[in-house]
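# A closer look at the structure
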Amino acid sequence: LLGRGGSTLAGAPAPLGATALPDGGVNLAVATPSRGVSIVLWSEDALIGGRGNAKPSAEHELSPEEHRTGDVWHCRLTADMLKKGNYSYYGWRVTEPDGPRPPAAPPAPP
């Protein structure tokens, strides 16, 4: 869903990190003064196939107007979004004054 015209919901700035929601979705929040943030998602298949060098399955640039509260960037992914993309892992891509830094792929599952 994401990366193909999908979008994220605004979510909440607290708590920081990943929080499972009662409806099966997840709220994601990170504290950073960066000028731009994207949520990066990987499916388990992408990680296993990438052998530690996996390309993200999806990425969505967050809007500061909708996804930023102070220095906390946040978004909510619904259960449908997670299921359709088979997303199991996430990371953040932050944009610093000298440009974006690539996200490190999470470790492959055992």
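Structure first, text after, so check above.
Residues numbered from 1 in each chain as written. Predicted model: local features only at pLDDT ≥ 70, side-chain atom pairs only at ≥ 80, totals over all residues. Heavy atoms only, no water.

## A closer look at the packing of aromatic side chains
How we decide: We call Phe, Tyr and Trp rings a pair once their centres come within 6.5 Å, taking the six-membered ring for Trp, and we label the pair stacked below 30 degrees between planes, edge-to-face above 60, and tilted otherwise.
For the structure shown, the criterion picks out one aromatic pair. Where Y90 meets W92, the ring centres are 6.1 Å apart and the plane angle is 85°; that geometry is what we call edge-to-face.

## A short note on the sheet that holds strand β6 (residues 72–77)
We count it as follows: Paired strands, in this sense, are two strands between which DSSP finds at least two bridges. A run of H or I in DSSP counts as a helix once it spans at least four residues, and a run of E counts as a strand once it spans at least two, with each numbered from the N terminus.
Ordered in space as β1-β2-β6-β5, the four strands form an open sheet in which the pairing is antiparallel. Each edge of the sheet is formed by a strand with only one pairing partner; in this case those strands are β1 (17–20) and β5 (68–69). Alignment of strand β2 (residues 26–31) against β6, held across six bridges, turns out to be antiparallel. The partner of A29 across the bridge, within β6, is H74.

## Description of the pairing of β1
Bridge analysis of β1 against β2 gives four bridges, and the strand direction is antiparallel. Within β2, the position partnered with G17 by the bridge is A29.

## Remarks on the pattern of salt bridges
Applicable threshold: A side-chain nitrogen of Lys or Arg and a carboxyl oxygen of Asp or Glu constitute a salt bridge if their distance falls within 4 Å.
Taken as a whole and judged by the stated rule, the model has three salt bridges. Here D23 ties to R76 by a salt bridge, and the two come within 2.2 Å at their closest N and O atoms. Highlighted residues: D23 in the loop between β1 and β2 and R76 in strand β6, separated in sequence by 53 residues. In this structure, R68 engages D71 in a salt bridge whose closest nitrogen and oxygen atoms are separated by 3.1 Å.

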